Amino acid sequence: MLSTILDAEFKFIDLLLGFDPSSLNISKKKWHSAFRDVFCSRALLSLNKVSLSKKSHANFPRSPSYSIVNFKPENGFQIDQTKLVQIVKEKDLVHLQKLGGVDGVASALDTDAALGIHDDEGEISRRHEEFGSNTYKKPPAKSLFYFVWQAFKDLTIIILIACAALSLGFGMKVHGAKEGWIDGLSIFIAVFLVIGVSAISNYRQNRQFDKLSKVSNNIQIEVMRDGRRQQISIFEIVVGDVICLKIGDQVPADGLLLEGHSLQVDESSMTGESDHVEVNQSQNPFLFSGTKVVDGYARMLVTSVGMNTTWGEMMSQISKDSDEQTPLQARLDKLTSSIGKVGLIVAFLVLVVLFVRYFTGTTKDENGNKRFNGSKTKIDDIINAAVEIIAAAVTIVVVAIPEGLPLAVTLTLAYSMKRMMADNAMVRKLSACETMGSATTICTDKTGTLTMNQMKVTKFWLGKDSVAEGTYSSIAPYVIELFREAIALNTTGSVYKPTSGAEFEISGSPTEKAILSWAVLELKMDMEEVVKTHTILHVEAFNSKKKRSGVLMKRKADNSIWVHWKGAAEMVLAMCSSYYDASGLVKELDNNQKMEFEQIIQGMAASSLRCIAFAHKEVPTNEIEEHHTIKEDGLILLGLVGIKDPCRSGVKKAVQDCQYAGVSVKMITGDNIFTAKAIATECGILRSNQDLSSGAVIEGEEFRNYTPEQRMERVDKICVMARSSPFDKLLMVQCLKQKGHVVAVTGDGTNDAPALKEADIGLSMGIQGTEVAKESSDIVILDDNFASVATVLKWGRCVYSNIQKFIQFQLTVNVAALVINFVAAISAGEVPLTAVQLLWVNLIMDTLGALALATEKPTNELMENPPVGRTEPLITNIMWRNLLSQAFYQIAVLLTLQFKGKSIFNVNDQVKNTMIFNTFVICQVFNEFNARKLEKKNVFQGLHKNKLFMGIIAITIVLQVLMVEFLNKFADTERLDWGQWVICVGFASLSWPIGCLVKFIPLPEKPFLSYLKIKK
């Protein structure tokens, strides 16, 4: 039957077109067949719409002059990447409309605009394959060869290599190929060893910074998949995903606005323009990766990810420089430069003295003969001697310049950063590690930092009556319905009900989750049903300045328009002129009744509850303004809820630790003054018997209205600032800094960014913190816990202390080595320590010493000292006392060995020089223990916990034994017997009791170096 009908149709078409199919050639027959196939498919599709029996050939419609063949490509998407990129990058509204607008693009990407994409591996991989992943190419990481080359470019290393080459060449010429190569090659090996250790160390630290950078870039984003809101990594986003955006979020990919309210974005990272851009569905639905949401909230459709976004292209060309120089590193560079200048002067004097002694015939060889006999001396011998003298002088410079100081800072910062990650603190800026050690004041938030951020509605007031749990059935159904409206429509959270009958999944901020959970479980709210039966006209999103949010909506049942407000109880109460009582009747709200409500709010606040009020009002249609401004007066108070957020368990001890360490803790919160006081007392910021009349607790508005002089006078006394705005926090930080404080500030909101940037150390919250806050901060507290802030303080002090330990250790070696070589060169005409030996000492002192002392873990004794001031000298009186006592002792011992060693111990010159070298190195090993504790007499405390320190000491001793006993030609040493080893170790071991005894010497508070400054 069907074939007969279709055959008749085709004959009719042939008749209309006026040709006989039998007369066509093969090529035209193919086109004719294709045309019939297309028509056949269209006819089959229309069969279910039009009854064939009613058709007649007389009224058969003429076929159009074209036919659209709509098909899905192999990948299943009806739009390709090129078009998607072009639409968003060029903000092409015309092309977007041709595709059916944003909904059309969503349909072409197989995305349900309401429910998102399917959350299964096959679907995700299909989109990955077609559109790519949300990652971008990075410039290649610096290789090990790069750091080797950087080390090679050091001037002193270049001079040493030149000396080594000359020594090798002339040594082989003078002493023959069998023996002449030893000195030159030894210097080469020692130089390459120093280069290798330095390069490997820097390479490892660079890798460590790269790893931390990856962690900091791994932002968590909220997406909608299968109708369920969930958190995923920014790298897991695919084209077609529906992203939920709120204030402070970073836009994770390029896309289009599906729906949103009051959405404004900061595109300065892309365009450089500081003005905020309004994003809406009609004129500008385009969103760009890397921009920040500064107001409103929205849902967006992802159209491009990774390298297909402008942000991805930009980031692929930027390599994050881990060579950021911290203030401490800058101070150390100056110190290094100063010590280096002293070393150069000493080296130059040694060079001059040795040349003068050589050419005047004072210098003698091993047999007692003059090394220079005028014209009798061969030119090769003169050049060889000159090379030895230059190598000795250059080596003194190498030892004198403490290039290990920058390395020590890098090591301790990298080590601290790694360990702080384990302690829930991610360092974004290196300088914050050391600055935190100097902090004198910490300004902290309350919610989530001092408290657990696990909120629950525990109180409900309707009118002036408290409604107990389980008795909500007594409330008028109309009032319950109003509450459902107020909560379901005026929220940035969501409720997902799994089909399997599991518990509700509620997402949003902790406050939103608490209210939604209460509404779902206690008020039996069906959020999906409420949303379906209402149309949202306008939204005023919550921010920390307004402390409230509002929604203008229309009921579909009767087209009536209503406004709902939710926010800080006293602020919403001020907008109300009437209220619902327990029976659901509306009553006037006069001043006396307002005072009663204020007392209810204060009572809840005094119980550490966050008080939220709900209010609403019907708005006549003729009063609706063009821009849908939400009415803020004449509202009816629906009711109050009290939300409990318990204090964190370890917060009180952490606050006490900070206070004991001389750091003032101030709480700055948006909650009302009664809640703030209750929480501050519970956390130990306020004492229970503290006199509050002295200005310890104030409100933000009061602080704001002070004169600048009053603020400066009272800022130190303030412990708690309630009802504060972000501007108040910024103002307090500025005042504290003007008074000389080093200020650390915690913050989680977008509006906290100015205060976080202004502070010496900005601490953002990893869980509740917005991306804007994190970008503005120096350290991210990953668990939002104040106890982690106290840990960061301890680590900051540890960094500073470790650097000081290493400076003390290194300067001791510098002073001793310079004095010994200088005195020996002037008096004896030779340096007791050869170039290779000095390079070995340099290796122990710089790299191994830095590793041993820069990786000490923080101890509780660090919190017993007051904060280090901004102007505190890097080398304190305590350090000068310790290092000078050890340096003078080492100089005395080594000079005694130099001038009297042969006669006292009855040894030859070679053994004497070996004993000097051995004693000098072992002195550094013993002194490394002294450097562990700058003030404490017991330098062995906690030693068993630092396995790395013990490992480095063991490696140093083993290598020293090899240098003395086995590598004699390489190190220019003689083997020592047991008695000589005991003498060397005995001399070195005396540094322990000396280190202990000098700590009894009292010291003035005024820095030593200040006495040397000439007053103008």
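Note that the structure is a prediction, hence the values are computed from the model and not measured. (Residues numbered from 1 in each chain as written. Predicted model: local features only at pLDDT ≥ 70, side-chain atom pairs only at ≥ 80, totals over all residues. Heavy atoms only, no water.)

Draft legend 1. The overall build of the chain, seen in detail. Helix and strand counts for the chain stand at 35 helices and 26 strands. For the chain, buried positions account for 51% of its 1016 residues. Pairs at least 24 apart in sequence give 73% of the contacts found in the chain among residues at least 6 apart. Split by element, the accessible area of the chain, about 47,600 Å² in all, is 57% carbon and sulfur. (Helix = DSSP H or I, 4+ residues; strand = E, 2+ residues; numbered from the N terminus. Buried < 20%, exposed > 50% of the residue type's maximum accessible area, 1.4 Å probe, protein only. Contact = heavy atoms within 4.5 Å. Areas by Shrake-Rupley, 256 points an atom, 1.4 Å probe, with all protein chains shown as cover.)

Draft legend 2. Helix H20 (residues 591–606), seen in detail. Along its 16 residues, H20 runs 22 Å from first to last C-alpha, staying within 8% of the 22 Å computed at 1.5 Å per residue. By the burial criterion, the buried members of H20 are Gln593, Phe597, Ile600, Ile601, Met604 and Ala605. Down the axis of H20, the buried side of the element spans an arc of 140°, and every buried residue falls inside it. Opposite its buried face, H20 presents the exposed residues Asn591, Asn592 and Gln599, each directed more than 90 degrees away. Where H20 begins, the capping side chain belongs to Asp590, and its oxygen is found 3.2 Å from the backbone nitrogen of Asn592. Ser608 sits one or two residues past H20 and shows a positive phi near 65°. (Expected span 1.5 Å × (residues − 1). Arc of directions from axis to C-beta. Polar contact = N/O pair within 3.5 Å; in protein donor to acceptor, adjacent residues only side chain to side chain.)

Draft legend 3. Representation of the environment of Thr535. With respect to the element layout, Thr535 can be found in strand E14 (residues 534–540). Taking the C-alpha atoms as reference points, Thr535 and Ile561, 26 residues apart in sequence, are found 9.4 Å from one another. For Thr535, the contacting residues outside a window of four places in its chain are Leu552, Met553, Lys554 and Lys556.

Draft legend 4. View of the nonpolar core. Among the nonpolar cores identified, the biggest contains 65 residues, and Met436, Ile685, Val720, Ile761, Ile779, Phe786 and Ile807 are the most heavily contacted of them. In terms of residue count, helix H28 (residues 786–828) provides more of this core than any other element does, 12 residues in total. Among the nonpolar cores identified, the runner-up in size contains 63 residues, and Val194, Phe372, Val813 and Ile922 belong to it. (Core = buried A, V, L, I, M, F, W, Y, C linked by side-chain atoms within 4.5 Å.)

Draft legend 5. Spotlight on a positive patch on the surface. Where like charges cluster on the molecular surface, the positive patch consists of Lys138, Arg204, Arg207, Lys211, Lys214, Lys418, Arg419, Lys857, Lys945 and Lys947. Broken down by secondary-structure element, the contributors of at least two residues to the positive patch are helix H9 (181–217) and helix H14 (404–422). Tallying contributions element by element places H9 first for the positive patch, with four residues. Counting through the fold element by element, Lys947 comes out in helix H32 (residues 947–965). Overall, Lys947 belongs to the exposed group, its relative accessible area being 70%. (Patch = residues over 30% accessible without salt bridge, like charges linked within 9 Å, V, L, I, M, F, W, Y side chains within 5 Å. Salt bridge = Lys/Arg side-chain N within 4 Å of Asp/Glu carboxyl O. Lys, Arg positive; Asp, Glu negative; His and termini not counted. Charge placed at Lys NZ, Arg CZ, Asp CG, Glu CD.)

Draft legend 6. Focus on the environment of Gly448. Mapping Gly448 onto the fold places it in the loop between strand E9 (441–444) and strand E10 (456–462). A sequence separation of 336 residues divides Gly448 from Asp784, and the C-alpha atoms of the two residues are 6.0 Å apart. When residues no more than four places from it in sequence are discounted, the contact partners of Gly448 are Asn453, Asp645, Arg648, Asp784 and Asn785.

Draft legend 7. The arrangement of the state of the cysteines in detail. Per the counting criterion, the structure on display carries zero disulfides. Here Cys923 is not cross-linked by a disulfide; its sulfur's nearest cysteine counterpart is in Cys984, at 9.2 Å. By relative accessible area, which is 2% here, Cys923 ends up buried. (Disulfide = S-S within 2.5 Å.)

Draft legend 8. Spotlight on the sheet that holds strand E25 (residues 761–765). Taken in spatial order, the eight strands make up an open sheet running E8-E26-E25-E24-E9-E21-E23-E22, and their pairing is mixed. Each edge of the open sheet is held by one strand with a lone partner, namely strand E8 (425–427) and strand E22 (697–699). Looking at each pair of strands side by side, their axes are set apart by 20° on average, direction ignored. Strands E8, E9, strand E21 (664–668), strand E24 (743–747), E25 and strand E26 (779–781) of the sheet are contacted by H28, whose axis makes an angle of about 145° with E26. (Pairing = 2+ DSSP bridges. Axes fitted to C-alpha atoms, helices over the stretch in contact; angles between N-to-C directions.)

Draft legend 9. Main features of the side chain of Arg229. Positionally, Arg229 belongs in strand E2 (residues 228–233). Arg229 sits in the buried class, given a relative accessible area of 17%. Polar side-chain contacts of Arg229 include one of 2.6 Å to the side chain of Glu222. Leaving out residues up to four positions away in the same chain, Arg229 has contacts with Glu222, Val223, Met224, Cys244, Thr492, Gly493, Ser494 and Ser507.

Draft legend 10. Examining the pattern of salt bridges more closely. Applying the stated criterion across every chain yields a total of 31 salt bridges. When the shortest N-O distance is used, the salt bridge between Glu856 and Arg932 registers 2.7 Å. With Glu856 in the loop between helix H29 (835–853) and helix H30 (877–905) and Arg932 in the loop between helix H31 (909–931) and H32, this pair connects stretches of sequence that are 76 residues apart. Bridged by salt links that share partners, the residues Asp110, Glu123, Arg126 and Arg127 form one connected network.

Draft legend 11. Highlighting the pairing of strand E4 (residues 254–266). Pairing geometry for E4 and strand E7 (residues 292–304), over 10 bridges, is antiparallel. The residue bridging Gly255 from the neighbouring strand is Val302, located in E7. When E4 meets strand E6 (residues 286–287), the two strands line up antiparallel, connected through two bridges. Counted as the bridge partner of Leu256 is Phe286 from E6. Both E4 and strand E5 (residues 277–278) contribute to a ladder of two bridges, which runs antiparallel. By the bridge assignment for E5, Val265 is matched with Val277.

Draft legend 12. Summary view of unusual backbone geometry. Here Asp110, not a glycine, exhibits a phi torsion of approximately 60°, which is positive. Inspection of the secondary structure assignment puts Asp110 in the loop between helix H5 (101–108) and helix H6 (121–131). Take Asp110: its relative accessible area is 30%, and that puts it in the partly exposed class.

Draft legend 13. Spotlight on a nonpolar patch on the surface. There is a patch of nonpolar side chains on the surface, built from Ile955, Val958, Leu959, Leu962, Phe966 and Leu967 and spanning about 520 Å² of accessible area. With respect to the secondary-structure elements, Leu962 resides in helix H32. Under the relative-accessibility criterion, Leu962 is labelled partly exposed at 35%.

Draft legend 14. Up close: the packing of H31 against helix H35 (residues 991–998). Interaxial distance between H31 and H35 falls to 9 Å at its minimum, and their mutual angle equals 30°. Our classification of the angle between H31 and H35 gives roughly parallel. The element H31 and its partner H35 pack so that their crossing is right-handed. In this structure, H31 uses Phe926, Asn927, Phe929 and Asn930 to contact H35, whose residues at the interface are Ser991, Trp992 and Gly995. A breakdown of the residues in the contact of H31 with H35 according to their chemical character gives three nonpolar, four polar and no charged. (Parallel < 35°, antiparallel > 145°, perpendicular 65-115°, else oblique. Left-handed = near helix turned anticlockwise from the far one by under 90°. Nonpolar A, V, L, I, M, F, W, Y, C, P; charged D, E, K, R; others polar.)

Draft legend 15. Representation of the packing of H31 against helix H34 (residues 978–989) within the structure. Orientation of H31 relative to H34, taken along the N-to-C sense of each, is 40°, at an axis distance of 8 Å. Accordingly, the angle class assigned to the pair H31 and H34 is oblique. H34 is crossed by H31, and the crossing has right-handed handedness. For the pair H31 and H34, the contacting residues are Val911, Met915, Asn918, Thr919, Ile922, Cys923 and Phe926 in the first and Gln980, Trp981, Ile983, Cys984, Val985, Phe987, Ala988 and Ser989 in the second. In terms of residue class, the contact of H31 with H34 is built from 11 nonpolar, four polar and no charged.

Draft legend 16. Representation of the packing of aromatic side chains. In this structure the tally under the stated criterion is 18 aromatic pairs. Relative to Phe614, the ring of Phe483 has its centre 5.6 Å away and its plane inclined at 65°; by these criteria the two rings are edge-to-face. Of this pair, Phe483 sits in helix H16 (residues 477–489) while Phe614 sits in strand E19 (residues 609–619), and the two are 131 residues apart along the sequence. Among the aromatic residues, ring-to-ring pairing joins Phe460, Tyr472, Phe483, Trp518 and Phe614 into one connected group. We note Arg932 situated over the ring of Phe949; from NZ or CZ to the ring centre the distance is 5.6 Å. A cation over a ring is seen here: Arg975 above Phe966, with NZ or CZ 5.6 Å from the ring centre. (Phe/Tyr/Trp six-rings, centres within 6.5 Å; stacked < 30°, edge-to-face > 60°. Lys NZ or Arg CZ within 6 Å of the ring centre and 35° of its normal.)

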